[in-house]
Amino acid sequence: MSKIRFNVTAEALRPGINLIEANAGTGKTYTIAMLFVRFIVEHGFLIDQLLVVTFTHAAAAELKQRIRLRLTEIYHSIASDKTALDDTTLLWLQGLALEESVVLQRLKIALLGLDQSAVFTIHGFCYKTLQEFAIESKQLFELDLIGDSRIIRQQLADDFWRQTIYPLAPQDAALLTTHYANPTTLLASIKGVGQRVAVYPETQPLAFYLEQASAVKEDLTRQFETFTGRLSEAVSQPLFKRSFQRAFSTHCHAISQWLNEGGLTFPVNALNFMSYPGVLEGLNGQKFRATKTHTGLERKTEYLVSTGINFCLIEKLLEISHGASIALRGLLIDYIRDKEDGVLEGAQSASFDCLISRLADLMVNEDGAILKKALQSRYQVALIDEFQDTDQQQWN
């Protein structure tokens, strides 16, 4: 794609898709308003044949106002002496191969039809399209727009929790509820994730983490006495912070209880305490001051290596716990994406996210061809202000 410096009054109005890149404060709103006027004057399009889409209600209101002001000032300036316009606009008018009466007539028609201007937010455009082309889009004629779908999402999260957590064995449920104790906190963790936003990182299936946790738990059960024996011997030395020494037995007991008695709480705090970073943090910095050849951290690291303590199983359990929590969140996202639109359709309603997803899905399936033709017939020009390239559906 070639790049050129854009002059809003001199640049040819090319057909097809054209991208204008602009930083904040460089006159995007002025440019859109001027392009709008040029399509009215130079091509003779009616005002409802020009589609303008922006992201917020405030931006849509400002665009409407700026378009109104631009049309009005140019019309009145031509009708009088043209002295009220800036030099750039005057040069544009002087370069038009149109009779002045034609320009005035086109501007007058546009001003009279301003209430019919198609300036929308992205959600407003989707809503109007689904309503206006209900037959082509196979949507209900009456569609209630729900601005806040939190109640529906909470209900779906509750259903997901019952279907996913309740059937599990106690130790598996304990692992999955470590970071999110109930469906409300789990739902809060995915707040702001849209219908088609790509989610990373990719994870293994939930069953993978549960199987891994069970296997590592068995290994740790067999080796825990050796692990705690070596660590206890080290902790008894005056090389650790007193706070670490005092808490040591409590955390040992918590992990031992979970390993041997099948405790219903996954001891994530105790595991973090007994992990390599936790034990490293527990060492007393006063006993490991930096020397000319080694930093304090290097001296701590060398000491822990010398103890021969193997932290691998503790670290593995924490890694599994983290992976499982991400996988659980991903499953909830998929569940809500799969169920939410159906629930809303059953209630003859739509949320903001669903508006975009419904129209986007229609555009890519076979039935979308009819709707595309209807939109292409309706709008001759589309001016998209700040399209959301982080949203896969809006981007496409």
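In this text, all values refer to a predicted model and were calculated from it rather than measured experimentally. (Residues numbered from 1 in each chain as written. Predicted model: local features only at pLDDT ≥ 70, side-chain atom pairs only at ≥ 80, totals over all residues. Heavy atoms only, no water.)

1. Some points on the side chain of T228
- Relative to the assigned elements, T228 resides in helix α10 (residues 206-235).
- Polar contacts involving the side chain of T228 include one to the main-chain carbonyl oxygen of E225, which spans 3.2 Å.
- Contacts of T228, omitting those with residues within four sequence positions, involve F248, C252 and M274. (Helix = DSSP H or I, 4+ residues; strand = E, 2+ residues; numbered from the N terminus. Polar contact = N/O pair within 3.5 Å; in protein donor to acceptor, adjacent residues only side chain to side chain. Contact = heavy atoms within 4.5 Å.)

2. Topic: the nonpolar core
- Grouped together as the largest cluster of nonpolar side chains are 58 residues, with contacts concentrated most on F227, L231, F240, F248, M274 and L332.
- Ranked by residues supplied to this core, first place goes to helix α15 (residues 312-346) with 12 residues.
- In this structure, L332 is in contact with A157, F160, L186, L187 and I190, ignoring residues within four places of it in sequence.
- With 33 residues, the next largest nonpolar core counts V8, V41, A60 and L114 among its residues. (Core = buried A, V, L, I, M, F, W, Y, C linked by side-chain atoms within 4.5 Å. Buried < 20%, exposed > 50% of the residue type's maximum accessible area, 1.4 Å probe, protein only.)

3. Some remarks on the environment of K241
- When you line up the elements, K241 lands in the loop between α10 and α11 (242-261).
- Given the relative accessible area of 28%, K241 is considered partly exposed.
- As for K241 and L283, which are separated by 42 residues in sequence, their C-alpha atoms are 5.8 Å apart.

4. Points about the pattern of salt bridges
- Under the counting rule described, the total for this entry stands at 11 salt bridges.
- The partner of E11 in a salt bridge is R14, with the nearest N and O atoms 3.0 Å apart.
- E11 sits in the buried class, given a relative accessible area of 13%.
- Taking relative accessible area as the criterion, R14 reaches 44% and is therefore assigned partly exposed. (Salt bridge = Lys/Arg side-chain N within 4 Å of Asp/Glu carboxyl O.)

5. Regarding the packing of aromatic side chains
- Counted according to the given criterion, the structure contains 11 aromatic pairs.
- Ring plane angle 90 degrees and centroid distance 5.1 Å describe the contact between W258 and F266, whose orientation is recorded as edge-to-face. Just as W258 is buried, F266 falls in that class too.
- Over the aromatic face of W258 sits the side chain of K217, whose NZ or CZ is 4.5 Å from the ring centroid. (Phe/Tyr/Trp six-rings, centres within 6.5 Å; stacked < 30°, edge-to-face > 60°. Lys NZ or Arg CZ within 6 Å of the ring centre and 35° of its normal.)

6. Overview of the environment of I152
- Along the chain, the position of I152 falls in helix α7 (residues 150-164).
- The buried category is assigned to I152, whose relative accessible area is 14%.

7. A word on the sheet that holds strand β1 (residues 50-54)
- Read from one edge to the other, the open sheet built from 3 strands follows the order β2-β1-β5, with strand pairing classed as parallel. If you trace the sheet from one side to the other, it starts and ends with β2 (118-121) and β5 (381-384), each paired once. The sheet shows a mean angle of 20 degrees between the axes of neighbouring strands, direction not considered.
- Of the pairings in the sheet, the one linking β1 to β5 comprises 4 bridges and is parallel in character. (Pairing = 2+ DSSP bridges. Axes fitted to C-alpha atoms, helices over the stretch in contact; angles between N-to-C directions.)

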